Amino acid sequence: MTFDYDLFVIGGGSGGVRAARIAAAEGGARVGLAEESRMGGTCVIRGCVPKKLMVFASGFPADLDLARAYGWDVTAGAFDWPRFRTTLEGELDRLEGAYRSTLANAGVTMHDARAVLEDAHTVRLATGETFTAAHILIATGGHPFRPDIPGAELGVTSNEMFHLPALPKHALVVGGGYIASEFACILHGLGVKTTQYYRGAQILRGFDDEARGHVSTAMQERGITIRCGTDLIHLEKSPGGICAKATDGSQHEFDLVLFATGRVPNSTGIGLQTLGVQMGRRGQIVVDDYSQTAVPSIFAVGDVTDRINLTPVAIREGHAFADTVFRGIPTKADHDLVASAVFTQPEMGAIGLTEEAAREQEPIEVYATSFRPMKTAFAGRTDRVMMKLIVSQGSRRVLGCHIVAPDAGEMIQLAAIAIKMGATKEDFDRTVAVHPTMAEELVTLRKPIRRA
Ligand code: NDP
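Reading the values: rules and limits
Counting restarts for each chain, with residues numbered from 1 along the sequence as it is written. Local features in this predicted model are restricted to residues whose pLDDT is 70 or higher, and side-chain atom pairs enter the listing and the counts only when it is 80 or higher, whereas totals over whole chains, interfaces and linings include all residues. Each side-chain value is worked out from all heavy atoms of the structure, with water and hydrogens disregarded. Comment: elements are numbered from the N terminus, with helices defined as DSSP H or I runs of at least four residues and strands as E runs of at least two. Any residue under 20% of the maximum accessible area for its type is buried, any over 50% is exposed, and the rest in between are partly exposed; the area is computed with a 1.4 Å probe on protein chains only. Contact criterion: two residues are considered in contact whenever any of their non-hydrogen atoms come within 4.5 Å of each other. Pairing between strands requires that DSSP locate at least two bridges from one strand to the other. Lines fitted to the C-alpha atoms define the axes, with helices restricted to the stretch that makes contact. Angles between their N-to-C directions range from 0 to 180 degrees. To be near a molecule or strand, a residue needs just one of its heavy atoms within 4 Å of it. For this analysis, a polar contact is any N or O atom pair within 3.5 Å, provided that within protein one partner can donate a hydrogen and the other can accept it, and provided that sequence-adjacent residues contribute only side-chain to side-chain pairs. Where accessible areas are quoted, they stem from the Shrake-Rupley method and a 1.4 Å probe; at the residue level, only the protein chains shown are allowed to cover. It is the rotation of the near helix from the far one that decides the hand of a crossing: anticlockwise by less than a right angle makes it left-handed, clockwise makes it right-handed. Only Asp, Glu, Lys and Arg are considered charged, only Ala, Val, Leu, Ile, Met, Phe, Trp, Tyr, Cys and Pro nonpolar, and every remaining residue, Gly among them, polar. In summary, the pairing rule links any two rings of Phe, Tyr or Trp, Trp by its six-membered ring, whose centres are within 6.5 Å, and it sorts them by plane angle into stacked for under 30 degrees, edge-to-face for over 60 and tilted for everything else.

K.L.:
Account for the overall build of the protein chain, naming residues and giving values.
P.N.:
On a plain count of helices and strands, the protein chain comes out with 13 helices and 22 strands. Overall, the protein chain is about 70 × 65 × 45 Å in size when its C-alpha atoms are taken along their principal axes. Across the 452 residues of the protein chain, 49% fall into the buried class. Put simply, of all contacts in the protein chain between residues at least 6 apart along the chain, 63% involve residues at least 24 apart.

Below is the structure:
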């Protein structure tokens, strides 16, 4: 049977675009790709990229305070949100254009429409067209989850945060994960009074306990109100905005409520269940190491598979799929030792095991330091940096690295290379420090602070 395409990709985000490009440009495949929204997906259009630009925007007031301490005569004027938003929209347009030209240059045919599966080799577009393909890749990503509480529709999700008509005066952020903690810091930095409710005992569950504590303390010292053990039960309109009733019995008024309560895979309504594609409890598509579903012609990569929901991971999964299927190079996406950063202020970078997970696995040594970095100490600020290495007592390998510091994301990327290569604590020790830097502390940690 001849197909219209060798590959049809549903979803023009990080994973889908990479897979389409490699399959077409390097695998010689005839590739079609459908995207119902904007090319670039969550990361480029409503995630990592606009978020990071907002992180930059929100950091200037603190930078200006520092500049004053260093002798500069500067004052922060008002923040012009509409002006920033307009520039941001222009930048996203530019990036979307770059994605489109990358795909066009690779020879991928783009379809700006929603696609659903009709059978294991056929997709139907919202335009009414149908296409057949030897292989179909589902790369539909995820969407924000909004808890089912009365008045939930009064809140917004991260999707809306980049299009707010005006900045709020007092915002409530619900959740304790990446998105909640990052937006709490962004809003605070932009001058918004910010409160964060988290149902658990400490924000940023899953990260190293000490590092989480460090970030949480720093956020609170900067003026963010974090209420752990507190969840939202009810929202209603009030004269001053939105009245939020919480599980601790409190009732407070906010003019913006952001639900950052997790994301769910975009796996429903595209015809997967009826074809026999296996789905997990959270609606994620179940795939094997090669991203193949239970239906041999259908593959899935990225957030819709809910493995590690990070852009670079989706890109690797998409690339590995294209290498395997279209370049004859069987490749498994590598999910081991993936570093990540949380762009809170201060930032947190992490790779490998937390102390809590490592000590369950084997005997470990913990090396850690906390200090006032030179740049802010000079200005009389109390900001502290934290660095921590988790080391195997047996193999001496560094099992985990946790950094809370300005630019921790940049630092962890480099530390990740050494750790991925299997560096031991002694490899770190024989690396000469770069002075004066914050990161030099990673190679001068002499004595374990504890063994476990
Ligand atoms: P996370 O899973 O990180 O956090 C979700 C938060 O919402 C948790 O604190 C969770 O609490 C809470 N929550 C879930 N359900 C409810 C509920 N019904 N009521 C109240 N609270 C609830 O998801 P995010 O949405 O923050 O981010 C999604 C993913 O996107 C991340 O896991 C990450 O992989 C990726 N991401 C990465 C970024 C980066 O690399 N810098 C930035 C942003 C996102 P609990 O802990 O108790 O479950």
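After that view, the rundown keeps rolling.
K.L.:
Could you give an account of the sheet that holds strand S9 (residues 193-198), with specific residues and numbers?
P.N.:
Across the sheet, four strands lie side by side as S10-S9-S8-S14; this open sheet has parallel pairing. Of all strands in the sheet, those with a lone pairing partner are strand S10 (225-228) and strand S14 (256-259), marking the two edges. For this sheet, the mean angle separating the axes of adjacent strands, direction not counted, is 15°. Alignment of S9 against S10, held across four bridges, turns out to be parallel.

K.L.:
Go over the site of the ligand, please, and point to the residues and values.
P.N.:
What surrounds the ligand is a group of 20 residues, the closest being Gly 176, Tyr 198, Arg 205, Asn 309 and Ala 341. Note that an oxygen atom of the ligand is positioned 2.9 Å from one of the side-chain N or O atoms of Arg 199. Between the ligand and Ala 260, the relevant distance is 3.4 Å, taken from an oxygen atom to a main-chain nitrogen or oxygen of the residue. For the ligand, whose free accessible area comes to 900 Å², the fraction covered by protein is 77%. At three residues, helix H6 (residues 178-189) tops the list of elements feeding residues into the shell around the ligand.

K.L.:
Please set out the packing of helix H3 (residues 48-69) against helix H4 (residues 81-106) residue by residue, giving values where relevant.
P.N.:
Two numbers describe how H3 lies on H4: the axes approach to 11 Å, and their chain directions differ by 145°. The crossing of H3 and H4 is right-handed. Mapping the contact onto sequence places Val 49, Pro 50, Leu 53, Met 54 and Ala 57 in H3 and Trp 81, Phe 84, Leu 88, Glu 91, Leu 92 and Leu 95 in H4. Residue composition of the contact of H3 with H4, by class: 10 nonpolar, no polar and one charged.

K.L.:
I'd love a proper account of the environment of Val 385, names of residues and values included.
P.N.:
Tracing the sequence through the fold places Val 385 in strand S20 (residues 385-392). Separated by 31 residues in sequence, Val 385 and Ala 416 have C-alpha atoms that sit 19 Å apart. Beyond its immediate chain neighbours, meaning those up to four positions away, Val 385 contacts His 214, Thr 369, Ser 370, Phe 371, Pro 373, Val 404, Ala 405, Pro 406 and Met 438.

K.L.:
Talk me through the packing of aromatic side chains; I want residue IDs and the actual numbers.
P.N.:
Considering all chains together, one arrives at 11 aromatic pairs under this definition. Relative to Phe 131, the ring of Phe 8 has its centre 6.1 Å away and its plane inclined at 15°; by these criteria the two rings are stacked. One end of the pair, Phe 8, is in strand S1 (residues 5-10); the other, Phe 131, is in strand S6 (residues 130-138), with 123 residues separating them in the sequence. Overall, the relative accessible area of 14% leaves Phe 131 in the buried class. For the pair Tyr 70 and Phe 378, a centre-to-centre distance of 4.3 Å together with 35° between the ring planes defines the contact as tilted.

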